[in-house]
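Chain by chain, the residues:
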Amino acid sequence: MIKWIMKCVTSVYSSININGDLHGYFKGKRGLRQGDPMSPYLFTLVMETLSLFLRRNILNSGEFRFHSRCEEQQIVNVCFANDLFLFSHGSIDSAKVISDALEEFKVCSGLVPSVQKSTAFFCNVRSSVNNAILELMPYDEGVLPVKYLGVPLVSSRLMIKDCKVLVDKVKCKIDDWKNKFLSFAGRVQLITSILSSMQVYWSSVFILPDNIIKEIEKLMRGFLWCNGPLNRGKAKVKWKEVCSSKNEGVGDGLSASAWFDTWCDYGPLASIVSMRDINRAGYNKDATVADLISDATWNWQIEWRCKYPMLSNISIPDISDPDVVKWRGPDGNLQDFSVRLVWDSLRQRAPIVGWSHMVWFSQNIPRHALILWLLIKDKLMTQDRLKPWDLRTQGGVTLLCSLCKFQQDSQSHLFFECTFSSQFWSKIMMLFHLPSSSLDWKEWMAILSPYAHRRVARVMVAKIAFAASIYYIWQERNSRLFKGEYRSVEQLFQTIFSTVRLKLLSLKFKKSVHINRIRSTWMIA
């Protein structure tokens with residue numbers, strides 16, 4: 001067996017990847033390959049040897065004292081993956097026993113504890129004993145609570161002070177990102193994929209205090225709208241709207257609690273039958289549903305049938321399958337339990353909108369989708385929205401649309417009524433072989449929205465082009481207003497044409513007459 005194991009360990013050859021090229025080979029002499037399925041078995045074998053060393057030394061010494069919370073089960077070591085926890089009473093003699101066992105294990109196995117990665121934790125230990133133990137075992141002294149896999153190991157309810165490390169981690173991430181040039185879409189992606197994941201990871205282990213959740217949400221809002229700390233008046237859309245959807249439980253009864261689980265239509269039986277009656281009838285509070293059934297009939301007390309007549313209406317559950325947890329959704333239907341179902345049932349809801357497929361579809365470019373979403377929500381900071389706070393208008397100077405210089409810009413004027421935008425849309429309409437139109441953006445949305453959900457290539461291309469057009473018109477307005485940079489209608493059209501074309505090149509289409517026409521229009525080989 002040892003020869004087989006060593007054959008697997010020592011037959012490894014590895015190479016180094018430098019700048020994308022593999023260089024050289026070197027022979028492995030110890031350790032396992034990455035992802036080797038033998039790893040957990042070998043780890044268990046070796047750690048079992050360590051456990052035997054520890055137990056033998058404890059029995060022979062007669063001076064070892066267990067940790068107060070581990071004495072009943074006589075627990076000394078606990079292993080998690082490749083991590084090891086050692087527990088003992090805070091005394092020099094107990095630490096000496098553990099130290100000697102580790103030294104014997106090192107000589108036997110060749111495995112050396114990493115001093116740099118090891119930490120000693122003390123609780124209610126005198127400083128003199130503390131220092132003596134650290135001299136014997138020269139590890140860094142840690143601060144309670146112990147953290148494992150990024151979360152604190154606590155047996156009581158998590159306090160606000162215990163969660164500060166999570167808030168600090170979120171702040172640290174944001175501080176690293178805010179120095180980089182990130183679009184709204186980029187910040188949204190980082191919030192959903194990283195910041196939210198950090199909070200969800202902690203929430204899967206603990207019930208987080210409300211104040212911590214609110215503080216993290218404040219950090220997310222600030223990063224989204226201000227690329228840093230949240231400034232008053234900078235958030236364009238309410239946070240609950242940002243978090244809205246893009247479009248808007250029994251078997252064999254062996255594990256279901258008879259009194260406290262909702263396994264029948266009447267809810268927990270403890271809400272119907274009093275605990276006094278349950279105890280008088282000789283039932284245990286820990287009884288399962290199966291304990292109430294005998295020969296396919298209920299074991300109800302005779303007087304219960306009169307006192308609680310609804311019990312007679314409860315049918316015998318199907319005992320052919322094991323118990324499972326179900327979740328009753330807002331529609332009243334039972335479904336297999338999942339965190340997603342719970343969140344969908346508890347979250348705040350808003351009316352379903354008809355334009356969601358115009359904005360949020362997988363082929364759309366994220367930064368284009370975000371600007372289009374802000375346009376639909378009427379949250380883009382055009383001059384008409386800024387007019388009440390614009391001090392320059394008080395001196396007789398009125399801002400004009402940076403595209404046409406005729407009147408103050410607004411969403412309707414900027415994107416469709418402006419002469420510059422009208423000329424641009426005429427070229428876009430010609431691209432789709434449609435007549436020019438003077439419709440405003442709301443009328444355009446009303447026309448396009450009914451077809452937006454269709455998975456048809458020409459509809460998808462039209463949605464991509466529409467979102468890109470809105471984005472680049474807004475970009476051109478800002479470039480002229482704040483940077484003094486100008487592009488002609490033709491230049492802007494070519495920019496959008498190139499952007500949509502590059503997006504279409506990354507997609508796969510089935511061969512058809514319509515697809516060939518799209519390829520020809522957008523110059524796709």
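Preceding this section is the structure that the text describes.
Only a predicted model underlies this, so the values are computations on that prediction, with no experimental measurement involved. (Residues numbered from 1 in each chain as written. Predicted model: local features only at pLDDT ≥ 70, side-chain atom pairs only at ≥ 80, totals over all residues. Heavy atoms only, no water.)

Q: For this particular structure, what's the right way to read the packing of aromatic side chains?
A: Both the distance between ring centres and the angle between the ring planes are used here to describe each pair of aromatic rings. Scanning the entire structure with this criterion turns up ten aromatic pairs. Here the aromatic rings of Phe416 and Trp425 are separated by 4.9 Å at their centres, their planes lie at 10°, and the arrangement is stacked. Taking relative accessible area as the criterion, Phe416 reaches 7% and is therefore assigned buried. Note on Phe424 and Trp425: the rings are 5.5 Å apart at their centroids and 70° apart in plane angle, and the pair reads as edge-to-face. According to the relative accessible area criterion, Trp425 is buried, its value standing at 5%. Grouping aromatic residues by their ring pairs yields a cluster made of Phe416, Phe424, Trp425 and Phe466. Stacked on the ring of Phe493, the Lys or Arg Lys427 has its end atom at 5.0 Å from the ring centre. The ring of Phe420 carries the charged tip of Arg480 above its face, separated from the ring centre by 4.7 Å. (Phe/Tyr/Trp six-rings, centres within 6.5 Å; stacked < 30°, edge-to-face > 60°. Buried < 20%, exposed > 50% of the residue type's maximum accessible area, 1.4 Å probe, protein only. Lys NZ or Arg CZ within 6 Å of the ring centre and 35° of its normal.)

Q: Please explain unusual backbone geometry as it appears in this structure.
A: Note: most peptide bonds trans; most residues except glycine with negative phi. Of note, Gln74 is a non-glycine position whose phi angle comes to about 55°, a positive value. Locating Gln74 in the fold gives a position in the loop between helix H2 (39-61) and strand E3 (77-80). For Gln74, a relative accessible area of 43% translates into the label partly exposed. At Asn124, a position not held by glycine, the phi torsion is positive, near 55°. Secondary-structure assignment places Asn124 in the loop between strand E5 (119-120) and helix H4 (127-136). (Helix = DSSP H or I, 4+ residues; strand = E, 2+ residues; numbered from the N terminus.)

Q: So what exactly am I meant to see when it comes to the pattern of salt bridges here?
A: Any two side chains of opposite charge can pair, given that their charged atoms come close. Tallied over the entire structure, the rule returns eight salt bridges. Ionic pairing is found between Asp100 and Lys96, a salt bridge with its closest N-O pair at 3.0 Å. Here Asp100 pairs with Lys96, and both are found in helix H3 (residues 92-109), just four residues apart, close to one helical turn. Given the relative accessible area of 30%, Asp100 is considered partly exposed. Since its relative accessible area comes to 39%, Lys96 is described here as partly exposed. The residue Arg480 makes a salt bridge to Glu476 at a minimum N-O spacing of 2.7 Å. Of this pair, Arg480 and Glu476 both sit in helix H18 (residues 457-483), four residues apart, which is roughly one turn of the helix. Since its relative accessible area comes to 12%, Arg480 is described here as buried. Look at Glu476 and you get buried, because its relative accessible area is 1%. Among the ionic contacts, a cluster of salt bridges with common partners joins Glu476, Arg480 and Arg487. (Salt bridge = Lys/Arg side-chain N within 4 Å of Asp/Glu carboxyl O.)

Q: Quick question: what am I supposed to make of the side chain of Asn57 here?
A: Examined against the element boundaries, Asn57 turns out to sit in helix H2. With a relative accessible area of 11%, Asn57 lands in the buried category. Apart from residues no more than four positions distant in its own chain, Asn57 is found in contact with Val97, Asp100, Ala101 and Glu104. (Contact = heavy atoms within 4.5 Å.)

Q: Quick question: what am I supposed to make of the side chain of His413 here?
A: Mapped onto the elements, His413 comes out in helix H15 (residues 411-417). Residue His413 is classed as buried on the basis of its relative accessible area of 4%.

Q: Sorry if this is basic, but what is going on with the packing of helix H16 (residues 419-431) against H18 here?
A: To describe two helices that pack against each other, one gives the angle between their axes and the distance between the axes. At a minimum axis distance of 12 Å, the contact between H16 and H18 shows a crossing angle of 150°. With respect to each other, H16 and H18 are oriented roughly antiparallel. The handedness of the crossing between H16 and H18 comes out as right-handed. Here H16 contributes Phe420, Ser421, Phe424, Trp425 and Ile428 to the contact with H18, which in turn contributes Phe466, Ser469, Ile470, Ile473, Glu476 and Arg480. Among the residues making up the contact of H16 with H18, the classes are represented as seven nonpolar, two polar and two charged. (Axes fitted to C-alpha atoms, helices over the stretch in contact; angles between N-to-C directions. Parallel < 35°, antiparallel > 145°, perpendicular 65-115°, else oblique. Left-handed = near helix turned anticlockwise from the far one by under 90°. Nonpolar A, V, L, I, M, F, W, Y, C, P; charged D, E, K, R; others polar.)

Q: Mind showing me how you'd approach the pairing of strand E1 (residues 13-18) here?
A: Bridging between E1 and strand E2 (residues 21-27) involves five bridges; their strand directions are antiparallel. Bridge pairing links Ile18 to Asp21 in E2. What sits between E1 and E2 in their antiparallel hairpin is a turn of two residues, with Asn19 showing a positive phi close to 55°. (Pairing = 2+ DSSP bridges.)

Q: Sorry, what's going on with a nonpolar patch on the surface here?
A: A cluster of nonpolar side chains, namely Ile16, Ile18 and Phe26, defines an oily patch on the protein surface of about 280 Å² accessible area. Within the fold, Ile16 resides in strand E1. Given the relative accessible area of 45%, Ile16 is considered partly exposed. (Patch = residues over 30% accessible without salt bridge, like charges linked within 9 Å, V, L, I, M, F, W, Y side chains within 5 Å. Areas by Shrake-Rupley, 256 points an atom, 1.4 Å probe, with all protein chains shown as cover.)

Purely geometric stuff here, so don't read any function into it on its own.
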